[in-house]
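Residue-level structure breakdown
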Amino acid sequence: MHLPAMAAASLILLLCFYQSETIADTEKPTEKEVAVRYTRCGGQEVAYQVTLESFAIAAQGMRPAVDIHAWRYSRTPNDTDLSDPTRRATLFAWSGGPGASAMTLHMGLLGPKRINLQNCPDTGDPLAASLEDNPECLLDLMDIVLIDPPGTGYSGSTDKDNLQYYFNSDRDAKVLADTISQYVKRYNLWRQPRFVLGESYGAARAVKVTRELIQQGLPVSGMILLAPHLFYSCTDNIDALCCNWNLQSYAVTARYHGLSAEKNLNLDHFLNTLKSFSDSTYLPAMINGHHSHHQYPDNLPQSLVRYTGMTEQDFQVYGYCPSPTDFIESTLRNAQIIPALKDSRFHIPFEAYTGARTLINPIILINQTYIPLFNEYLYTELKPEKEQPYVSFNPKILGDWQQLTGDTMNAVIDDMTTSMMAQRQLRILALAGLYDLQIPFRAIEYVLSRPGIDPSRVDLRFLPSGHGPYVDEDGLVTVSQAIRSMVTKTLSDH
């Protein structure tokens, strides 16, 4: 029997790509009574259970043993809406950092409880925040497993001196993939649809974990990438592409604060006009600008001023490719506004400026608010049988992270294309914040439009948010509905 050429090529690719690995033996935890809880998700009442799962990754060679912990939210097996628990979709999720636990995803987006910051968006005051039900949770649609990487949450090792073995992207992704493999075996979920979700650096982790899972014979139905950091940096390493991406982020920020001459255009029209100028005029000027014989277009300074709200003098000082710090200094000097790097909608008034930009990072304020309220939920409702504190963020991991030579944008693209070629149903949902000066939204668009990444299976959306796209009420609804739509469509196509 002869296969058609396309099918044969796909089969050969899959067989070459697949590498069988022995999944470590794992036993289901000792059965004990787990309380049944109730919440409303997706407009219906859902009966669910929450357990703290532990997965032992054995020592091997130089690799130290490590226990990975994860919070498992699952619908109860006797739920009348749950016909076959072994075929129910599961979402595996983690945050970024590196060094962050899954706390913000747990309490901001995915869990049945959430921390409402509506009364303290700028102050980070936990006394003004509230712990409440999360009607946008996704438990009606799929089970949720929130994984804490090594050194965060309760995940750790008795060999603490060697835990930093896991502090690089390849080993980090491998241990998370092995954790998911153990989970699948523990609950007999070989045929279930599974999704992975990563936030910030966790998005790059999700791409690597997906490739690793497919290599282990565990298909992934979809990747969900929130404010994805995909191994590019446009804050320090400035090239022509970064100039182009950054400029558009500056212009969107200037429009938000009323500093752009084009501020009266509606957002979609503004983005289209800006992209047309940036791609047709600004980017070629930046590419050719390094040649001594090249002359910049005569109207370039005036166009940059019109979009960004910066002055011609600013561009004489900083050049035509200002860094994010240059842009922030310009808005401070010209408009007495200091935008935050990770969410440029936030700012402090000039008279309160202390010179320490980290003090106005809304992500830091959010973490300061989340930690006490998460601990309240942890010890009054979840009640884990743990003596050690839960590590919400471990700065040592970020400091000790071993940057690999393969940690590049091109490596991410290669992982994506390889996974999408090996698994023809794999979909990607990416949600990028327009007001994230650290991760330009156009950079994410660039990565996801590279050759080999099937555009029909990619859904990229620009949100009116910063680096935390779900921290406010509108953002929560938008992100949750986007995930729900993607998962529902993917499941209907299976």
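Going by the structure above, here's the rest.
Residues numbered from 1 in each chain as written. Predicted model: local features only at pLDDT ≥ 70, side-chain atom pairs only at ≥ 80, totals over all residues. Heavy atoms only, no water.

A closer look at the overall build of the chain
In terms of regular secondary structure, the chain is built from 14 helices and 13 strands. Counting over 494 residues, the chain shows a buried share of 53%. Of the contacts formed within the chain by residues at least 6 apart in sequence, a portion of 74% connects residues at least 24 apart. For the chain, the accessible area works out to roughly 21800 Å², and carbon and sulfur atoms hold 51% of it. (Helix = DSSP H or I, 4+ residues; strand = E, 2+ residues; numbered from the N terminus. Buried < 20%, exposed > 50% of the residue type's maximum accessible area, 1.4 Å probe, protein only. Contact = heavy atoms within 4.5 Å. Areas by Shrake-Rupley, 256 points an atom, 1.4 Å probe, with all protein chains shown as cover.)

Describing the sheet that holds strand S9 (residues 222-226)
On the basis of which strands lie adjacent, the open sheet formed by 9 strands has the order S1-S2-S3-S7-S4-S8-S9-S12-S13 and mixed pairing. Each edge of the open sheet carries a strand with a single partner, namely strand S1 (37-41) and strand S13 (458-463). Within the sheet, the average angular offset between the axes of one strand and its neighbour, ignoring direction, is 20°. Sheet analysis places strand S3 (residues 66-75) next to strand S7 (residues 143-148), joined by 5 bridges and oriented antiparallel. By the bridge assignment for S7, His69 is matched with Asp148. Sitting on the sheet, helix H4 (residues 201-215) is in contact with strand S4 (90-94), strand S8 (194-199) and S9, with an inclination near 150° to S8. (Pairing = 2+ DSSP bridges. Axes fitted to C-alpha atoms, helices over the stretch in contact; angles between N-to-C directions.)

Remarks on the state of the cysteines
Scanning the model with the defined rule gives 2 disulfides in all. Paired through a disulfide, Cys41 and Cys137 show a sulfur-sulfur distance of 1.6 Å. Across the disulfide from Cys41 to Cys137, rotation about the S-S bond amounts to roughly -45°, and the bridge is consequently left-handed. Remark: Cys137 occurs in the loop between strand S6 (130-133) and S7 and Cys41 occurs in strand S1; sequence separation between them is 96 residues. By relative accessible area, which is 0% here, Cys137 ends up buried. Each disulfide pairs two cysteine sulfurs, and for Cys243 the partner residue is Cys321, the sulfurs being separated by 1.9 Å. Classification of the bridge connecting Cys243 and Cys321 rests on its S-S torsion, roughly -100°, and on that basis the disulfide is left-handed. (Disulfide = S-S within 2.5 Å.)

Details of H4
The terminal C-alpha atoms of H4, which comprises 15 residues, lie 22 Å apart, in line with the 21 Å expected from a rise of 1.5 Å per residue. Taken across its 15 residues, H4 has 14 buried, putting it largely inside the fold. Once H4 ends, the next one or two residues include Gly217, with phi positive near 85°. (Expected span 1.5 Å × (residues − 1).)

Brief notes about the nonpolar core
One finds Trp94, Ile147, Tyr282 and Met416 to be the most contacted residues of the largest nonpolar core, which totals 86 residues. One finds Met103, Leu105, Leu110 and Val479 within the second-largest nonpolar core, a separate group that totals 48 residues. (Core = buried A, V, L, I, M, F, W, Y, C linked by side-chain atoms within 4.5 Å.)

Comments concerning unusual backbone geometry
Residue Pro98 is bonded to the preceding Gly97 through a cis peptide linkage, with omega at -5°. Mapped onto the elements, Pro98 comes out in the loop between S4 and helix H2 (103-110). The phi angle at Asn188 is positive, at roughly 55°, despite the residue not being glycine. What makes Asn188 partly exposed here is its relative accessible area of 47%. Located in the positive-phi region is Ala227, a residue other than glycine, with phi close to 40°. Looking at the secondary structure, you find Ala227 in the loop between S9 and helix H5 (240-256).

Any functional reading would require information beyond the geometric quantities listed.
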